[in-house]
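Each chain, letter by letter, is given below.
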Amino acid sequence: MIRLAAVLGDYYHSSEWAKQSLETALSFGKEDLQIDYCTSEQLPEILEKQPDVVIHFKENRVNPANEIVETWLTQEVTSKITNYVENGGSWLAWHSGLASFPVEGAYIKMLKGYFLYHPQKHHLVHYKAIGGNSVLPSTTSFEIVDEHYFVHCDSENTNVFLFSESIDGQSPAGWCHSFGAGKVCCLTPAHNKEGLLNEGFLETLRKCVNWLILR
């Protein structure tokens, strides 16, 4: 049995849409797969159970619309996350899982990239992967109206496998690398329900999770 843990949803991102996207993506021949959903507060306890993969779709800000903004990622939780991956765990930072975390913190250093900004208006975003990488071995492309994430990515020390382009510009959209004995994969799409359920995106998400599962 392959055991996944998932932390999904925040103030701006629907946990139900993310859950539907994840379960649809992983419904192809994965009868031996179990997904345990948890909150960020429950994450340290879940990590102690050593799931095969953790899927993280939740930004750091708890109440971004308030005057005084609180965050959930403490140094203690950061240490538990990085130790989990260093010791052989696999981590998917998906969309908002790249957002609002301390840039100089150990979590972002593990990811080797982070969210910078997105334009106020959503536009058609073209996502493309050139075949030959370990996550998407064949050429892949899809288009969705999306919240176009622009990111900082330490491309010299990771493997960028997916790129995004819109009228607003270009950016890396997916990358992966080893971290200690574990694996890290980062994926920037998608925000809207239509994008999260796009066939091309679902195939990309499935292949990212498969790469993390494989040892």
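Residues numbered from 1 in each chain as written. Predicted model: local features only at pLDDT ≥ 70, side-chain atom pairs only at ≥ 80, totals over all residues. Heavy atoms only, no water.

1. Brief notes about the sheet that holds strand S2 (residues 33–37)
So, step 1. Strand order in the open sheet made by the nine strands is S2-S1-S3-S4-S11-S10-S9-S6-S7, with mixed pairing throughout. Whereas interior strands pair on both sides, the edge strands pair on one side only; in this sheet they are S2 and strand S7 (140–146). Along the sheet, successive strands turn relative to each other by an average axial angle of 20 degrees, direction set aside.
So, step 2. Both strand S4 (residues 90–94) and strand S11 (residues 182–187) contribute to a ladder of five bridges, which runs parallel. Bridge pairing in S11 places Leu 92 opposite Cys 185.
So, step 3. Contacting strand S1 (2–8), S2, strand S3 (53–57), S4, S7, strand S9 (159–166), strand S10 (169–179) and S11, helix H6 (residues 199–213) crosses the sheet at an angle of about 165 degrees to S11. (Pairing = 2+ DSSP bridges. Helix = DSSP H or I, 4+ residues; strand = E, 2+ residues; numbered from the N terminus. Axes fitted to C-alpha atoms, helices over the stretch in contact; angles between N-to-C directions. Contact = heavy atoms within 4.5 Å.)

2. Some remarks on the packing of helix H1 (residues 15–25) against H6
So, step 1. Interhelical geometry of H1 versus H6 gives an angle of 75 degrees and a closest axis separation of 8 Å. Relative to H6, the element H1 lies roughly perpendicular. Here Ser 21, Leu 22, Thr 24 and Ala 25 of H1 come into contact with H6, specifically with Phe 201, Leu 202, Leu 205 and Arg 206.
So, step 2. Across the contact of H1 with H6, the residue classes tally to five nonpolar, two polar and one charged. (Parallel < 35°, antiparallel > 145°, perpendicular 65-115°, else oblique. Nonpolar A, V, L, I, M, F, W, Y, C, P; charged D, E, K, R; others polar.)

3. Concerning the pairing of strand S6 (residues 123–129)
So, step 1. Note: S6 against S7, seven bridges, orientation antiparallel. Counted as the bridge partner of His 126 is Glu 143 from S7.
So, step 2. Where S6 meets S9, three bridges bridge the pair, whose relative direction is antiparallel. Paired with Tyr 127 across the strands is Ser 164, a residue of S9.

4. Overview of the state of the cysteines
So, step 1. A complete count under the given rule lists zero disulfides for this structure.
So, step 2. You can see Cys 38 has no disulfide; the closest cysteine sulfur is in Cys 186, sitting 18 Å from it. (Disulfide = S-S within 2.5 Å.)

5. Quick word on the nonpolar core
So, step 1. Membership of the largest hydrophobic core comes to 38 residues, with the highest contact counts inside it found for Leu 4, Ile 55, Leu 92, Trp 94 and Leu 205.
So, step 2. Examining the composition of this core, we find that eight residues originate from one element, H6, more than from any other.
So, step 3. Beyond its immediate stretch of four places on either side in the chain, Leu 92 contacts Val 54, Ile 55, His 56, Cys 185, Cys 186, Leu 187, Leu 205, Val 209 and Leu 212.
So, step 4. Counting residues in each nonpolar core, the second largest holds 31 residues, with Cys 38, Ile 46, Val 77 and Val 184 among its members. (Core = buried A, V, L, I, M, F, W, Y, C linked by side-chain atoms within 4.5 Å. Buried < 20%, exposed > 50% of the residue type's maximum accessible area, 1.4 Å probe, protein only.)

6. Notes on the pattern of salt bridges
So, step 1. Scanning all chains against the criterion turns up three salt bridges.
So, step 2. Here the salt bridges share partners, and the residues they tie into one network are Glu 203, Arg 206 and Lys 207. (Salt bridge = Lys/Arg side-chain N within 4 Å of Asp/Glu carboxyl O.)

7. Thoughts on the packing of aromatic side chains
So, step 1. Per the counting criterion, the structure on display carries 10 aromatic pairs.
So, step 2. Seen from the ring of Tyr 37, Lys 19 lies directly overhead, with NZ or CZ sitting 4.9 Å from the centre.
So, step 3. Its guanidinium or amino end placed over the ring of Trp 211, Lys 183 lies 4.4 Å from that ring's centre, counting from NZ or CZ. (Phe/Tyr/Trp six-rings, centres within 6.5 Å; stacked < 30°, edge-to-face > 60°. Lys NZ or Arg CZ within 6 Å of the ring centre and 35° of its normal.)

8. Considerations on the side chain of Asn 60
So, step 1. In this fold, Asn 60 is placed in the loop between S3 and helix H3 (75–86).
So, step 2. On the basis of relative accessible area, Asn 60 is assigned to the buried category, the value being 2%.
So, step 3. Those residues within four positions of Asn 60 in sequence are excluded, and the remaining contacts are Glu 70, Thr 71, Trp 72, Leu 73, Ala 99, Ser 100, Phe 101 and Pro 102.

9. With respect to the environment of Leu 202
So, step 1. Within the fold, Leu 202 resides in helix H6.
So, step 2. For the pair Leu 202 and His 13, spaced 189 residues apart in sequence, the C-alpha separation works out to 17 Å.
So, step 3. Apart from residues lying up to four places away in sequence, Leu 202 is in contact with Ser 21, Thr 24, Ala 25, Leu 196 and Leu 197.

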